[in-house]
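# Topology and contacts: notes
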Amino acid sequence: AVVSTQSTGELEQIEIRKMVIDRMVHLLCVGHAIPVIQYMRACLDNETADKSLIRHFAAEVMEVTTSPYSNDFIEEFLPIAKNPDITASLRNINESDSISQFIEYCKDWAGDGRKRG
């Protein structure tokens, strides 16, 4: 099959955007979690980024984070994790995947900065 130069250019664009996401995950890892997640949430809410890129971001975040999660992290990341357009393909039926486990961890979170108990 012949690949047109336009589709090749589009593939290169996607790869560059994935590299930017990877750099953002690095920023998240070195202490800038909340601003990075807020930016990605804004991209999702405003539909300014392809959903596959946000899905890549969500998968990478779950790969580099673990509980306990801060209240700010939960407040900012939970809407991304709960969005079926973003995470449905990352989840499995027995809910043993990291997205499902994160959502389960957050179920007792009251949303007001405290855990319910």
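Residues numbered from 1 in each chain as written. Predicted model: local features only at pLDDT ≥ 70, side-chain atom pairs only at ≥ 80, totals over all residues. Heavy atoms only, no water.

This brings us to the environment of Ser100. In this structure, Ser100 sits in helix H5 (residues 98–106). Since its relative accessible area comes to 5%, Ser100 is described here as buried. Along the backbone, Ser100 and Thr87 are 13 residues apart, and their C-alpha atoms lie at a distance of 9.3 Å. Those residues in contact with Ser100 that sit more than four places away from it in its chain are Arg91 and Glu95. (Helix = DSSP H or I, 4+ residues; strand = E, 2+ residues; numbered from the N terminus. Buried < 20%, exposed > 50% of the residue type's maximum accessible area, 1.4 Å probe, protein only. Contact = heavy atoms within 4.5 Å.)

To continue, consider a nonpolar patch on the surface. Residues Ile16, Met19 and Val20 make up a contiguous nonpolar surface patch of about 280 Å² in total accessible area. Residue position: Ile16 is located in helix H1 (residues 5–45). (Patch = residues over 30% accessible without salt bridge, like charges linked within 9 Å, V, L, I, M, F, W, Y side chains within 5 Å. Areas by Shrake-Rupley, 256 points an atom, 1.4 Å probe, with all protein chains shown as cover. Salt bridge = Lys/Arg side-chain N within 4 Å of Asp/Glu carboxyl O.)

The subject of this paragraph is the packing of helix H3 (residues 71–82) against H5. With their axes 10 Å apart at the nearest point, H3 and H5 run at an angle of 130° to one another. Here H3 is positioned oblique relative to H5, judged by the angle of their axes. Where H3 crosses over H5, the handedness of that crossing is left-handed. Contact with H3, carried on its side by Phe73, Ile74, Phe77, Leu78, Ala81 and Lys82, involves Ile99, Phe102, Ile103, Tyr105 and Cys106 of H5 and no other residues of that element. Its residues assigned to classes, the contact of H3 with H5 shows 10 nonpolar, no polar and one charged. (Axes fitted to C-alpha atoms, helices over the stretch in contact; angles between N-to-C directions. Parallel < 35°, antiparallel > 145°, perpendicular 65-115°, else oblique. Left-handed = near helix turned anticlockwise from the far one by under 90°. Nonpolar A, V, L, I, M, F, W, Y, C, P; charged D, E, K, R; others polar.)

It is worth spelling out the environment of Phe102 at this point. Along the chain, Phe102 falls in helix H5. In the structure, Phe102 is positioned 28 residues away from Ile74 in sequence and 8.9 Å away in space, judged by C-alpha atoms. Residues within four places of Phe102 in sequence aside, it is in contact with Met62, Tyr69, Phe73, Ile74, Phe77, Leu78 and Ala81.

Look at helix H2 (residues 51–64) against H3: their axes get within 11 Å of each other, and the N-to-C directions meet at 135°. With respect to each other, H2 and H3 are oriented oblique. As H2 runs across H3, the sense of the crossing is left-handed. Residues Ile54, Phe57, Ala58, Val61 and Met62 of H2 touch H3, and the partners they reach there are Phe73, Phe77 and Ile80. The class makeup of the residues in the contact of H2 with H3 is eight nonpolar, no polar and no charged.

Under the criterion given, the structure shown has three salt bridges. With a closest N to O distance of 3.2 Å, Arg41 and Glu76 form a salt bridge. You can see Arg41 sitting in helix H1 and its partner Glu76 sitting in helix H3, a full 35 residues away along the chain. Glu76 sits in the buried class, given a relative accessible area of 12%. Where Glu104 meets Lys107, a salt bridge forms, and the shortest distance between an N and an O atom there is 3.2 Å.

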